[in-house]
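Coordinate inspection notes
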Amino acid sequence: MGGFLSAIVAVLIFISGIALTAVGSISALVENWNTSVTGTLTVQIIGSPSTTVSKATAVVAALRQLPEVKRADIIARERIQELLKPWLNDDKLIADLPLPALLDVELNVLSALSVSHVTAAIKAIAADAIIDDHRVWLTRIANFAQGLRYVALALMTLALGALVLTVAFATRASLTEYVHVIEVLHFVGARDAHIASQFSWRALRQTLWGGVLGLMVFAPALAGIAWLARRIDIGVLPPVTLPLPYWIGLGLLAPAAAVIASVVAMLTVRRSLSNMV
Amino acid sequence: MALFRSKTKENDSDPVQLEGVALRYGNSPDIFSDLSLTLPVRSLHFLTGPSGAGKTSLLSLLYLANLPSGGRLRLFGQDVAQASRAKRSTIRRQLGAVFQDFRLLDHLSVFDNVALPLRVIGAPKETIKNNVTELLQWVGLEGLFDALPQILSGGQKQRVAIARAVVTRPKLIIADEPTGNVDDAIAERLMQLFVELHKLGACVIVATHNERLVERFAFPRLHLERGTLSVLPAISQPSTRAV
């Protein structure tokens, strides 16, 4: 049974850990986007600088009266120019550009009703205003992220299924080379329960050791992934960490695998013994 | 030698009783049928017969690798076919078997292979150490205590197998060609071990093709040929009672 079972369990625990991290990180990412973007609207008011500023001011004043609106602000022209600078890299050109007035609106509740109510209030003052509630692109990103999350969940489920099956088959396969040991123990008068328990404990210990080994390799790997994620520094990715419940779940995998290996070992040895007189 | 110091308490039941015993494997014809025999305590018999006569099959019944397909086999008064698995384990603890293929555990040292039956019955560590050490010295394997079976010659493996079979001072010793891989001097020494154990009360059966051994040691023979078991007297002057 030896190191084979331990090695297999170590690899599977490591893969399960990576899959759990993927699930946790993508969930955090989706949550992050949902909370930070979904409650906001961006409003563009196009026209000559003199009219856009006055319309923008009137719209902001109207919006601030609405109960659905938590916050409504005009984005300063300097800020818009600053945002454009990395793309155009020409201060004179940017200064001459006919920029629209931009409003950043945060809603208390994002719903179709509140968006239509707010839209109506804006259109009443500035009929040509363009309102972007981010739903189109956000829905696509959210769908993509949700898809990734399902893939990660499927990966984790597969890893867990593989863990269960592999532990069971590896334990059985390992024992086939020990049939002669079972036979000799049987011939020298060892009782069935004693022989089965010897192999069962052995499988339990080796699987637990494999689990510990897998966690020992996974922890620095997680730290490495987290460090790489931090280096990206674009504020889009949430920090890569494994929440405590996930650690507990991962920690419980090794004992669960050990119990499976132990039971399979006991049943396999009992079956071998049942073929002997 | 500690192994030979105290006598075994003799059991009232004969160690081996065969009544019309038959054996066949699956649907194949009987290897033998209707064998009847009683072997008492403190007896030593050679089991002889041509190759293929069924000697190893008969021994396999005695060390409980098989059950009879007909008749009744009693070991220490217990009908083995009726005995529970736990009871059969208890019977196995009272017998020692030397297999033709030795059946040593390759991952255990010579010492641990020989100690195995003592560990199974939960013997104290001191007893294990003393008995195994003395027995391995007796069979001429001093200096190989820590060796693994893979590095041993056929003769050395055979001696380890014999030491393992007798280390618990079993009441019934079944040896299948126990001297097949050793020279005459070692063969004689090993036979002497069986003789000593039989004098202490064990029932010993030695299957062999070694005619010199059968002539050298004056013990009766169980001759198996064409499915018939005959009890023949010792070739030289008889020194033990026949069955």
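Preceding block: the structure.
This report concerns the structure included in the present document.

The rules behind each value
Residues numbered from 1 in each chain as written. Chains lettered and ligands numbered in written order. Predicted model: local features only at pLDDT ≥ 70, side-chain atom pairs only at ≥ 80, totals over all residues. Heavy atoms only, no water. Helix = DSSP H or I, 4+ residues; strand = E, 2+ residues; numbered from the N terminus. Buried < 20%, exposed > 50% of the residue type's maximum accessible area, 1.4 Å probe, protein only. Contact = heavy atoms within 4.5 Å. Areas by Shrake-Rupley, 256 points an atom, 1.4 Å probe, with all protein chains shown as cover. Pairing = 2+ DSSP bridges. Buried area = accessible area lost by both parts, 1.4 Å probe. Salt bridge = Lys/Arg side-chain N within 4 Å of Asp/Glu carboxyl O. Nonpolar A, V, L, I, M, F, W, Y, C, P; charged D, E, K, R; others polar.

Remarks on the overall build of chain B
The helix and strand inventory of chain B stands at seven helices and ten strands. Within the span of chain B, comprising 243 residues, buried residues form 53% of the whole. Residue pairs at least 24 apart in sequence account for 69% of intrachain contacts in chain B once pairs closer than 6 positions are excluded. Carbon and sulfur atoms form 46% of the exposed surface of chain B, whose accessible area is close to 10,400 Å².

Examining the pairing of strand β9 (residues 221-225) of chain B
Residues and elements named next belong to chain B. Pairing of strand β3 (residues 43-48) with β9, which is carried by three bridges, proceeds in the parallel orientation. When the bridges of β9 are listed, Thr48 appears paired with His223. Bridge count for β9 against strand β10 (residues 228-232) is five bridges, and the pairing is antiparallel. The residue bridging Glu225 from the neighbouring strand is Thr228, located in β10.

Topic: the sheet that holds strand β5 (residues 78-79) of chain B
Residue and element names in this part refer to chain B. A sheet is described by the order of its strands in space; here four strands give the open sequence β2-β1-β4-β5, paired in antiparallel fashion. Two strands lie at the open edges of the sheet, namely β2 (32-39) and β5, each paired on one side alone. Relative to β2, strand β1 (residues 16-23) runs antiparallel, the two being bridged by five bridges. Looking at β2, one finds that Val21 is bridged to Leu35.

Looking at the interface of chain A and chain B
Taken residue by residue, the interface counts 16 residues in chain A and 21 residues in chain B. Of the roughly 1,700 Å² buried at the junction of chain A and chain B (both faces included), carbon and sulfur atoms supply 60%. For chain A, the biggest contributors to the area lost against chain B are Phe187, Arg191 and Val277 of chain A; these three give 43% of the whole. The tally of links between chain A and chain B comes to two salt bridges. The closest approach of N and O atoms between Arg85 of chain B and Asp192 of chain A, which form a salt bridge, is 2.5 Å. When residues of the side of chain A that touches chain B are traced back to their parent elements, those giving at least two are α7 (179-187) and α9 (244-274) of chain A. Of the residues forming the side of chain A that touches chain B, the biggest block, seven residues, is contributed by α7 of chain A. Of the residues belonging to the side of chain A that touches chain B, the class tally is nine nonpolar, four polar and three charged.

Function-wise, these values are silent; they only describe arrangement.
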